[in-house]
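Chain and residue survey
Each chain is listed here by its residues.
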Amino acid sequence: MAILLSRIGRFAYRHGLAVLIAWLVLAAGSVVGGLALGGTMQDSFKIPGTESQEAIDRLGAVFPQTSGASGQIVVHSTDARIADLEDELERVTAELGEVDGVENAISPFSEYATDAISDDGMTAVVQVQFSASSEEVSDASIAEVQEVGDELASDTVQVEYGGQVFQAFHFGLSIIEVIGVVFAALVLIVTFGSLLSAGLPLISALVALGASMGGILALAAFTTLSTTTPMLALMIGLAVGIDYALFILSRHRTQLAHGTDPEESAATSVATAGGSVVFAGVTVMIALVGLLIVGIPFLGLMGVTAAFAVFMAMAAAVTLLPAIMGLLGDRLAPKPGSRAALRALAQEEHEDEAQAAPSETTDAAPATARRTLGERWVALVLRAPIPFILGVVALLGVAAVPATSLVLALPDGGSYSEEETARRAHDLLAEAFGPGRNGPLVVTVDITQTTDVLEDLDAIAAELAEVPGVVSVGTPIPNETVDTAIIQVIPSTGPSDPETTELVRHIRELAPAIEREYDTPIAVTGATAVAIDVSERLDEALIPFGLVVVGLSIVLLMMVFRSVVVPLKAALGYLLSVFASFGVVVAVFQWGWGAELLHVEPGPVLSFMPILLMAILFGLAMDYEVFLVSGMREAYVHGATPRAAIARGFAGAARVVTAAALIMFFVFAAFVPEGMSMI
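Quick caveat, the model's predicted, so the values are computed rather than measured. (Residues numbered from 1 in each chain as written. Predicted model: local features only at pLDDT ≥ 70, side-chain atom pairs only at ≥ 80, totals over all residues. Heavy atoms only, no water.)

**Brief notes about the overall build of the protein**
Along its length, the protein carries 20 helices and 11 strands. Along the longest, intermediate and shortest principal axes, the C-alpha atoms of the protein span 95 × 50 × 45 Å. In the protein, which comprises 679 residues, the proportion classed as buried is 52%. (Helix = DSSP H or I, 4+ residues; strand = E, 2+ residues; numbered from the N terminus. Buried < 20%, exposed > 50% of the residue type's maximum accessible area, 1.4 Å probe, protein only.)

**A look at the packing of aromatic side chains**
Within the structure shown, the criterion is met by eight aromatic pairs. Between Tyr161 and Phe166, the aromatic rings sit 5.4 Å apart at their centres with planes inclined by 45 degrees, giving tilted as the arrangement. With respect to burial, Tyr161 and Phe166 carry one shared label: buried. A network of ring pairs unites the aromatic residues Phe130, Tyr161 and Phe166 as a single cluster. The positively charged end of Arg437 is found above the aromatic ring belonging to Phe433, 5.7 Å away from the centroid. (Phe/Tyr/Trp six-rings, centres within 6.5 Å; stacked < 30°, edge-to-face > 60°. Lys NZ or Arg CZ within 6 Å of the ring centre and 35° of its normal.)

**Quick look at the sheet that holds strand β1 (residues 70-77)**
Here four strands make up an open sheet; going across it, the order is β2-β3-β1-β4 and the pairing antiparallel. Two strands close off the open sheet at either side, each with one partner strand: β2 (102-106) and β4 (157-162). Taken pair by pair, the neighbouring strands of this sheet meet at an average axis angle of 20 degrees, ignoring direction. Strand direction decides the pairing type here: β1 and β4, joined by six bridges, are antiparallel. Across the sheet, Val74 pairs through a bridge with Glu160, a residue of β4. Against the sheet, helix α4 (residues 86-97) contacts β1, β2 and β3 (123-130), and its axis sits at roughly 165 degrees relative to β2. On the sheet, helix α14 (residues 421-433) packs against β1, β3 and β4 and is oriented at approximately 110 degrees with respect to β4. (Pairing = 2+ DSSP bridges. Axes fitted to C-alpha atoms, helices over the stretch in contact; angles between N-to-C directions. Contact = heavy atoms within 4.5 Å.)

**A word on a nonpolar patch on the surface**
A cluster of nonpolar side chains, contributed by Val178, Ile179, Val182, Phe183 and Leu186, occupies part of the molecular surface with about 410 Å² of accessible area. Following the sequence through the fold, Phe183 ends up in helix α6 (residues 175-192). Given the relative accessible area of 38%, Phe183 is considered partly exposed. (Patch = residues over 30% accessible without salt bridge, like charges linked within 9 Å, V, L, I, M, F, W, Y side chains within 5 Å. Areas by Shrake-Rupley, 256 points an atom, 1.4 Å probe, with all protein chains shown as cover. Salt bridge = Lys/Arg side-chain N within 4 Å of Asp/Glu carboxyl O.)

**Some points on the nonpolar core**
Core analysis: the largest hydrophobic core is formed by 132 residues, its most contacted members being Ile242, Tyr244, Ile248, Leu299, Phe608 and Ile611. It is helix α10 (residues 297-328) that contributes the most residues to this core, 20 residues altogether. Apart from the residues within four sequence positions on either side, Ile611 is in contact with Leu291, Val294, Leu299, Leu538, Ala541, Leu542 and Phe545. Within the second largest apolar cluster, 26 residues are counted, among which are Ala69, Val75, Leu89 and Val148. (Core = buried A, V, L, I, M, F, W, Y, C linked by side-chain atoms within 4.5 Å.)

**Here's the deal with unusual backbone geometry**
Comment: phi is negative for the bulk of residues other than glycine, and the bulk of peptide bonds are trans. At Val482, a position not held by glycine, the phi torsion is positive, near 50 degrees. Take Val482: it is sitting in the loop between β8 (477-478) and β9 (484-491). Here Val482 falls in the partly exposed class, since its relative accessible area comes to 41%. A positive phi angle is found at Arg562, which is not glycine, with a value near 50 degrees. Tracing the chain through its elements places Arg562 in the loop between α17 (527-561) and α18 (565-590). Taking the relative accessible area as the measure of exposure, Arg562 reaches 72% and is therefore exposed.

**Some thoughts on α14**
Compared with the 18 Å implied by 1.5 Å per residue over 13 residues, the 18 Å span of α14 between its first and last C-alpha is a close match. Looking only at α14, the buried set comprises Thr421, Ala422, Arg423, Ala425, His426, Leu428, Leu429 and Phe433. Turning to α14, the residues buried within the fold contact β1, β3, α5 (139-149) and β4. Immediately downstream of α14, the backbone of Gly434 shows phi near 105 degrees, a positive value. (Expected span 1.5 Å × (residues − 1).)

So yeah, pure geometry; function would need other evidence.
Put into C-alpha cells, the structure is as follows:
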C-alpha cells in the first residue's frame, strides 16, 4: 500500500497542472450534470415488510383511491362560524376535486368526514386525497391545491396546509455555513502559521465536495433520496476533506522543514500520512455503507451517498493535494525561524535524543529542549494515568445518563418552524381538535369473507371506538368491489407521542380476536403508523448495528497494530463517546436544556439520528486512534521505551489531531443556527 501511494503521490506531484485540471473538470461536470438531470429530494420513509407498508401496498392494488398521499386544508375563522361558510367550503372542495393529481376532496360537511368541524364551530378540515404517493405528487399539483384553497382566505379566515405532502424541509447553504468554513480556515492558519498552506486543505475539500454533490444530485434523478441526504454528505464530506488534507500537508511541511526534497517529501507524505488517511477513509466508508444492513432503504442511501463523499475527499487528499504541492514546490516549507519550523526541528531533536538514550527517557522529552504543549500535557497524564482514566470515564458516564430516556420518532408538522404552513396547520389542529387530529390512523379491513358487510364494519368500528386512547372513529368506507374497507381512527395523542405508539400496538393486538369474530383481518396503516414502524425498526437495529461497528473496529485495529489491548481500549472509548453523545442530544433536544438557544422545539429525537451518529463517531474515533497510536508505534519500533513512545507519538500528532477535531466541530456547528432540528 505504501509503495502504491508513494507512486501516486509522486505522479501527481510531477503532473500537477494536469491533475488539477482533471479534478476541476470532474467537479464542474458533476455539478452541471446533476443540475441538468433535475433530480429532486423527497422524504420517503418506506420500509418493506412492515404491517403499515404491506397495508399501503394492498390498498394500492384494491383501493387505489385511498393509497395515495393525503393532506389537510385547515380553515380557521375568527368571527363567523364555519357553518356560515358552508357554501364557500363546498364550492372550494368541488374545485379541489378537479385539480390534476387529486383523487378526491372531502368537505367537512360530508357524511364521510371524521370530526372535521371543531366543537366551537370555528375551525374545519378539508381532507384532500392525492392519487400518487407523497414523493410522487408534483409541485404543480401542490401549488394548484394551495391556490384553490387560498380562495377561502380573508382578513377573518386563516387557511393553512398540513399533511406529509405539505411537509417539505428546505435546506440550503447560508452565510452561517460559510462562517463555519471561515473558522476552519482560522484553525488551519494557526496550525500551519501560513495563509498559503492553510488554503490547500480547503481547496482540496471543496473541489472533492463539488464532485460528490454533483454525483448525489444526479442520483436523485433516478431514485428517491431523503431531503437530509445531501446535507449529511455535505457536512461529512467537507469536514473529512479538510481533515485528510491537513494530515498529509502537515507531514509534508514537517519534512520540508528538515530539508527533504519537495518531490520526495510529497511522495513520502502520501505514503505515510496518506496511508493513515486511506485506512481512516475506508473505515468511515465501511461504517456508513454498513447502514445498509439495517434494511431501511432511505437510511441505506444516506449512508452510501455520505460514503461516496468520503471517498471523493480521500481521493482528493492523495491526488489533488500532492498535485498542488507540485505546483507550489518549496514555497510550502516553513520559513526558517518561524514557530512552525522551530516546532518541527524541536520534535526531530527530541526524537533523536529519545532514541539515543531510550532507557533514560520515561515520559517526556529531555529537559534540554523546550517542551510543546502536547508534550507537557502527555507528561502530566503519564504521571497519574489512573486518575485521568477515572475522571474521563466519570465525566462521560454522567453525560450519558439522559440517554436512558431516549425516545425516537420521525418528524411531523410540529418539527417545523412557525414560518412553515405545515407547522401553523399542526398548531391549529392541535388547538381546535386535540393533538391526535394531526396523526390519524387508517385501519384496513379485508371484507372478502364476511356476508354482512355493513353490519360487521359498523361493529368493528364500534369496537375500535372503545379502545383506550381513541377519540373518534370515522364511518367505514368500502371500495367499489366491496372486498376492502378503511376506517379512520383519531387518537387522543399526537403522532410522535409514545401513547400513540401504544395505541397502534393495542389495535394490532386486537386484530386476531376481530378476525375470529367477524372473519375480517385488519391492519393499521397511515402516515403515523408508518412513522411508528420506522422508529421501531430503527430502535431494534441499534444494538445489532452497534455490535457490528464495535466488532469491526476491533478487527480493523488488530490488523493495523497487531494488538488486542489497543483495539479493546479504542472500542471502549468509542462506546463512551457514543453514550455521552446520546445523553447530550436527549438533554437538549428531548428535555429542552438550552433548546431555545438553538431555536428548536423539544420533542422526540429523530429516529435515524442514533444510527447515523454511531456511524459518524465510529469513523472519527478510528481516525484519531490511528493517527495517534501509529505515531506511538513508529516511535517504539525505532527504539523508544513504551512510555517514551507514547509521549513522542502523542506529541507528534496531538496538534494535528486537535486541529482536525476543531475543524470537524466548526463545520458541523455551522449548521446548528438554522434552527432545523433534523439537521
